[in-house]
Amino acid sequence: MTESAHSITIAGWREWIAVPSAGIPWIKAKLDTGARTSSVHAYDVELVGEGADERVRFRIRPWQESADDAVLVECPVHDRRSVRSSSGHVEERLVVLMDVAIMGRPVTTEVTLSNRDTMGFRMLIGRQALRHGFVVDSARSFLGGRAPKEVRRANRGR
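Computed from a predicted model, the values in this text were never measured in an experiment. (Residues numbered from 1 in each chain as written. Predicted model: local features only at pLDDT ≥ 70, side-chain atom pairs only at ≥ 80, totals over all residues. Heavy atoms only, no water.)

**Q** Kindly report on the overall build of the protein, identifying the contributing residues and their values.
**A** Across its full length, the protein carries three helices and twelve strands. Relative to the compact-globule value of 15 Å for 158 residues, the protein shows a C-alpha radius of gyration of 15 Å, a close match. Taken along its principal axes, the extent of the C-alpha atoms in the protein is 45 × 40 × 30 Å. The proportion of buried residues among the 158 residues of the protein is 46%. Pairs at least 24 apart in sequence give 58% of the contacts found in the protein among residues at least 6 apart. Put simply, the protein shows about 8,700 Å² of open surface, and 46% of that area lies on carbon and sulfur atoms. Where the 24 positive side-chain charges of the protein centre and where its 20 negative ones centre are 8 Å apart. (Helix = DSSP H or I, 4+ residues; strand = E, 2+ residues; numbered from the N terminus. Rg over C-alpha atoms; globule rule 2.2 N^0.38 Å. Buried < 20%, exposed > 50% of the residue type's maximum accessible area, 1.4 Å probe, protein only. Contact = heavy atoms within 4.5 Å. Areas by Shrake-Rupley, 256 points an atom, 1.4 Å probe, with all protein chains shown as cover. Lys, Arg positive; Asp, Glu negative; His and termini not counted. Charge placed at Lys NZ, Arg CZ, Asp CG, Glu CD.)

If you want it as structure tokens, here you go:
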């Protein structure tokens, strides 16, 4: 194993991350050790193709209080899974593989597509992604640094 395979990165319970596979340089995410799989706010979800060629096309709004800078993403469907939400409701969700960068470290992880309009964060990072060398300090936030001021303002709809 390489030295980097043994390195541990301490992250806060919320961090600004990147989703390079979707062309998103900044999105505020909750790092949730209680969730197995990561989740992203997706809308206009549309299945294209069939069988082994099945793909999903969807949009992501990276900002909490704004529809600006929405991104169109298309990728293969990795799986379909029944997921229990924090409110106890079970729903079937599409699962895709996405590249994310947490505190500058690239990770490929399973991500479910979900409507997170009522949630406090557009993205949730679960244990599958965090097991790649991250420890979450629940008392701290943004240990990877804050997004630029204009990004933080866009996230608040200003």
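**Q** Now, about the sheet that holds strand β5 (residues 43–48): what can you tell me, with residues and values included?
**A** One open sheet accounts for three strands, arranged β5-β6-β7; its pairing is antiparallel. Because the sheet does not close on itself, it has two edges, and the strands there are β5 and β7 (71–76). Put simply, the sheet's adjacent strands are angled 20° from each other on average, direction ignored. Of the pairings in the sheet, the one linking β5 to strand β6 (residues 55–60) comprises four bridges and is antiparallel in character. The partner of Glu46 across the bridge, within β6, is Arg57. (Pairing = 2+ DSSP bridges. Axes fitted to C-alpha atoms, helices over the stretch in contact; angles between N-to-C directions.)

**Q** Describe the side chain of Lys28, and please don't skip the residues or the numbers.
**A** With respect to the helices and strands, the residue Lys28 is situated in strand β3 (residues 24–31). The residues contacting Lys28, other than those within four sequence positions of it, are Glu15, Trp16, Phe121, Arg122, Met123, Phe142 and Asn155.

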